[in-house]
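# Descriptive structure summary
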Amino acid sequence: MTEQTSDGVDRRRVLGLGAAVGATTALGGLATASPASARGAGRPSGFARPKGLDGRALLPGEPGYADEIAPFNLAQVPSPGLVIAAASAHDVRIAVNLAARRRAPIAVLATGHQHSVPIGRDAVVVTTRALRGVTVDPRRRVARAQAGALSGDVLDATLPLGLTPVNGSTPIVGIVGYTLGGGLSPTLGRRYGYAADHVRSFDLVTADGRLRRVTPHSDPELFFGVRGGKSNFGLVTAIEFDLFPAPDFYGGSIIFDGQDAARLLHAYRRWVCTVPDAMSSSVALMRLPDAEAVPPPVRGKAVASLRICWTGRPDTGAALVRPLRAVATPLLDAVAQQPYAAFPAIHNDPVDPTPAYERTGLLRDLPGEAVDALIAVAGPEAPNPVTLVELRHLGGALSRAPRQPSAVAHRDAAFTLFTAGIAAPQDAAAVRRAQAGIIRRMSPWSTGGMYLNFMSADDSSTRNVADAYPEHVYRRLRRLKRRVDPQNLFRLNHNIPPV
Ligand SMILES: Cc1cc2nc3c(=O)[nH]c(=O)nc-3n(C[C@H](O)[C@H](O)[C@H](O)COP(=O)(O)OP(=O)(O)OC[C@H]3O[C@@H](n4cnc5c(N)ncnc54)[C@H](O)[C@@H]3O)c2cc1C
């Protein structure tokens, strides 16, 4: 059975795109950078198995070790000396106390979507895969999620009640990691702000091994820092946040031939200045693999994808999108009125683990010269192996101060710039060079800042992490770090060292 849009386009062909992009990995026969199973063999870790866990402790080379720490992004595989597969907040406390006693660094891994720094034998890793519980209070419109709940777990619990969190583009990232890094929603962000703006409380295990309930009143500074400071101040075991009515939306993606990319991007940069807050959008230059899993009209092509989410009246949405639709004849057009649950079709993110290399930045504006520069360095004619170069429109509620101040910063930026290259390790150097070229070429329009959730290993030096915050916020976070984690136990992350 096919699923037709009002334009007669088979939408499922577009929906399959994320899987198809991810499928480059399988089709290209790519390998993991360094498989955990191989790295786990033969080397002693020096950690003893702690007692009294509700979950499991796993040492390198033991059955289950490699699976427990297998990341979604295969570019960098962790190889800690001890894995605590936590089944409770009590387990997280045991792990933190053990690490603190040995002065060993400790990291948390939910899905392994975001690499920041390598994790080696000296480290303890807490995994949260077993902590996926979600409860909803529909009357108060509040959800409570355990540390390892995926965005999709939250949506499974809220959508039947007509409610949604301010979720991101894919259901398969962890709700805690997403929210602590800001939480930029391609559906509701411009309408309601960042996901972090709607947190009510955290349960947090700090470096002293205490489990604290952190609210704006219990510890305003910690509440400020955790929202935007990620795992620098402790490991979250549960999070409570506001929900919103889940609207149907007029949206999806429209894919143009790469030859039309310049026209689309020039029209887009003018168009974004005119749209209301209920319109969220992005554009992406993509190189799609020549693989059977990719829909024929776009197979093997350099394309430009326009992503739309309008949460107002459908006819108004259609009228708003019309000028962009008219830019050229699309290869695929799957923008239509859809239930909220169809939101993953807006971005069509990869659904299977892949090795991905990423770079990012923030742009203060997008004049015509910036579009020309981007097309020159990343457009269809550029000799460029990067899979995706994306500009997301910010503004609206994302630019306004939240009710409770947080460390989520650079709210004056107009666009995120994000590049991802799916590549085998032997091709990684070429991808990284091309990405560095894109970032350099766009630097005249950069704010100099960065958006934490899009910062991967290649952007996560201490210096770059400082760029994720204005100077006074960074100083404030370093003082908070001195108070709650003076030994910098939580340093295997986007690290903010104590003053
Ligand atoms: C395909 C894709 C689409 C994305 N779309 C969006 C989007 O639309 N908007 C957006 O804002 N971001 C988006 N992201 C980025 C994503 O939000 C971040 O990568 C996020 O950190 C993923 O969290 P995770 O827990 O799944 O990953 P992990 O790699 O498991 O964790 C990443 C980091 O999150 C922190 N963290 C995780 N769990 C805890 C915890 N319990 N306590 C304290 N810290 C914790 C830690 O610092 C950890 O190092 C996307 C990423 C991908 C790969």
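Located above this text is the structure these notes cover.
Scope of this entry: the structure provided in the associated data block.

The rules behind each value
- Residues numbered from 1 in each chain as written.
- Predicted model: local features only at pLDDT ≥ 70, side-chain atom pairs only at ≥ 80, totals over all residues.
- Heavy atoms only, no water.
- Core = buried A, V, L, I, M, F, W, Y, C linked by side-chain atoms within 4.5 Å.
- Buried < 20%, exposed > 50% of the residue type's maximum accessible area, 1.4 Å probe, protein only.
- Helix = DSSP H or I, 4+ residues; strand = E, 2+ residues; numbered from the N terminus.
- Domains from an automatic or database assignment.
- Contact = heavy atoms within 4.5 Å.
- Near = heavy atom within 4 Å.
- Polar contact = N/O pair within 3.5 Å; in protein donor to acceptor, adjacent residues only side chain to side chain.
- Areas by Shrake-Rupley, 256 points an atom, 1.4 Å probe, with all protein chains shown as cover.
- Nonpolar A, V, L, I, M, F, W, Y, C, P; charged D, E, K, R; others polar.
- Pairing = 2+ DSSP bridges.
- Axes fitted to C-alpha atoms, helices over the stretch in contact; angles between N-to-C directions.
- Disulfide = S-S within 2.5 Å.

### Some remarks on the nonpolar core
Residues I175, F202, I239 and Y469 are the most contacted members of the largest nonpolar core, which totals 48 residues. Counting residues per element, the ones that place at least two in this core are β6 (142-146), α7 (151-158), α8 (175-180), β8 (199-205), α10 (220-229), β10 (235-242), α16 (462-467) and α17 (471-484). Residue contributions to this core reach at least three from each of two domains, namely domain 1 (11-23 + 247-463) and domain 3 (134-245). With residues up to four places along the chain from it excluded, the contact list for Y469 reads G228, G229, A407, A409, H410, L452, Y474, L477 and I496. Among the nonpolar cores identified, the runner-up in size contains 44 residues, and I254, V272, W310 and A378 belong to it.

### A look at the site of the ligand
In the vicinity of the ligand, 30 residues are found, and the nearest of them are A110, T111, Q114, K230 and Y451. At a separation of 2.8 Å, a nitrogen atom of the ligand approaches a polar backbone atom of L184. For the ligand, whose free accessible area comes to 950 Å², the fraction covered by protein is 93%. Elements with a minimum of two residues in the shell around the ligand: β3 (106-109), α8 and β10. Residue contributions to the shell around the ligand peak at 4 residues, all from α8. Looking at side-chain class alone, the shell around the ligand contains 14 nonpolar, 13 polar and 3 charged residues.

### Focus: the sheet that holds β3
As summarised here, the arrangement of the 4 strands in space is β1-β2-β4-β3, forming an open sheet in which the pairing is mixed. The sheet is open, and its two edges are formed by β1 (56-58) and β3, each paired on a single side. Strand-to-strand twist in this sheet, taken as the mean axis angle between neighbours without regard to direction, amounts to 20°. With 4 bridges joining them, β3 and strand β4 (residues 124-127) adopt parallel strand pairing. Within β4, the residue paired with I106 across the bridge is V124.

### Focus: the state of the cysteines
For the coordinates displayed, the defined rule picks out 0 disulfides. Its sulfur unpaired, C273 is 20 Å from the next cysteine sulfur, which belongs to C309. A residue is classified by how much of its surface remains accessible, and C273, at 67% relative accessible area, is exposed.

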